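Below are the chains, spelled out letter by letter.
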Amino acid sequence: MAGRPLSCGRLATLTFAAVLLQIIGLLLFVFGFFPVNPALPGISGAESYRMPTCDDSFETDNGNLLPEQLGSLYRDMSQIPSTFDRIILMVIDGLPAEFLIGRGDQPSQNSMWEAMPYTHSLLSKQRAIAYHAKAAPPTVTMPRLKAMVSGAIGGFLDVAFNFNTQAFLDDNLLDHFYRIGWKLIMFGDNTWTKLFPSLFTRDDGVSSFYVKDTVEVDFNVSRHLEAELAASDWKLMILHYLGVDHVGHIGGRHSLLMAPKLKEMDDVIKMIHIHSSLNGDDHGRRMLLVVVSDHGMTESGNHGGSSYEETDSLAVFIDLQSQSPIYAPSMRREVFQKCCYYHT
Ligand SMILES: *[C@@H]1O[C@H](CO)[C@@H](O)[C@H](O)[C@H]1NC(C)=O
Ligand SMILES: [Zn+2]
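Keep in mind it's a predicted model, so treat the numbers as computed, not measured.

Close contacts around ligand 1 come from Val206, Ser207, Asp213, Glu216, Val217, Asn220 and Arg223, and that covers them all. Between ligand 1 and the protein, one listed contact pairs an oxygen atom with a side-chain N or O atom of Arg223 at 3.1 Å. Bound to the protein, ligand 1 loses 55% of the 360 Å² it would expose on its own. For the shell around ligand 1, the element with the most residues is helix α8 (residues 216-222), which contributes three residues. Taken together, the residues that form the shell around ligand 1 break down as two nonpolar, two polar and three charged.

Attention shifts here to helix α10 (residues 243-251). Where α10 is concerned, the buried positions are Gly243, Val244, Asp245, His246, Val247 and Gly248. For α10, the elements touching its buried residues are β1 (86-92), α8, β5 (236-241) and α11 (258-278). Just beyond α10, the residue with positive phi is Gly252, at close to 80°.

A few words now on the packing of helix α4 (residues 117-124) against α11. Axis separation between α4 and α11 bottoms out at 7 Å; the angle between their running directions is 55°. Regarding the angle of α4 to α11, the classification is oblique. Contact residues: α4 offers Pro117, Tyr118, Thr119 and Leu122, while α11 offers Lys263, Asp266, Ile269, Lys270, His273 and Ile274. Here the contact of α4 with α11 is composed, by residue class, of five nonpolar, two polar and three charged.

The element strand β7 (residues 312-319) is extensively covered by neighbouring structure, given that seven of its eight residues are classed as buried. Pairing analysis gives five bridges linking strand β6 (residues 287-292) to β7, with the strands arranged antiparallel. Residue pairing across strands places Leu288 opposite Asp319, the latter belonging to β7.

Reading the values: the criteria
Residues numbered from 1 in each chain as written. Chains lettered and ligands numbered in written order. Predicted model: local features only at pLDDT ≥ 70, side-chain atom pairs only at ≥ 80, totals over all residues. Heavy atoms only, no water. Near = heavy atom within 4 Å. Polar contact = N/O pair within 3.5 Å; in protein donor to acceptor, adjacent residues only side chain to side chain. Areas by Shrake-Rupley, 256 points an atom, 1.4 Å probe, with all protein chains shown as cover. Helix = DSSP H or I, 4+ residues; strand = E, 2+ residues; numbered from the N terminus. Nonpolar A, V, L, I, M, F, W, Y, C, P; charged D, E, K, R; others polar. Buried < 20%, exposed > 50% of the residue type's maximum accessible area, 1.4 Å probe, protein only. Contact = heavy atoms within 4.5 Å. Axes fitted to C-alpha atoms, helices over the stretch in contact; angles between N-to-C directions. Parallel < 35°, antiparallel > 145°, perpendicular 65-115°, else oblique. Pairing = 2+ DSSP bridges.

Here it is in structure tokens:
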């Protein structure tokens, strides 16, 4: 045998070096692949409306204001009159924006193009405005909902917690609505009640566990619509429909169940729109309907990754009482899902 046999001491050193190298490699991978996501502590207050200055002597003490006082303090500080008094946030889980508004400037080649006629007519009459809202990976429900309400995209490890959701403690919109005295109600995917266990005045959580069910998951949401549209106490109503996502998981994008399911979603939008139009300005209250999807889906109906098909989610804004067309401030139709940045 050529070369000297390894002495015990050299072998130990080599082994130690090899193990150390592996540990360094593993650490590099873990911190590179799973970005650490430092959450900013605390919650923003009225001072967020001020221009940033070096002088930090300005301290707003809004800790002991009543909710209504806090609301009007925010209104005064922002100097923006509020256009809407109530919001309906309708989440259609897994709906690719392409189904409704095509890809790029092309109408979708997809057979789904005609599946939402009422929403299409609102868009073509400029009663609604639609965006491709780019979702950040991981394209699964819980991190996407967190991104929408907090504006932070979260870490990759969120996937691991997707099924075991903890209450959401970061600064977020829903908590702020609650703090200014809004009544919030929620019907649909119970991820919302897990994230916000004590926020909703009324809720009916649907478990996304029954992936094979495409009927009851949506029926359990829609059954509340009539009564809640007639109720006047709430300020934010969340509807989270899981059916489209479940149809995708069963049969992919081109499932025979997809077109009827999209039509069902279209009928919900139609019902809300007609109900609100009939009620005029709804006792002086103007209502905004926001239709979003949390993520898209691949051809085979999966999601989680960062392909165009999975990140192409939807954001549609419908002014429910306005009779005049909406003029969009920009022709860019691609935004980030997490917040109000434009793609540059
Ligand atoms: C729908 O509601 C019924 C009655 O409240 C309940 O038994 C059922 O489990 C719900 N379905 C789902 C999918 O959550
Ligand atoms: Zn989802």
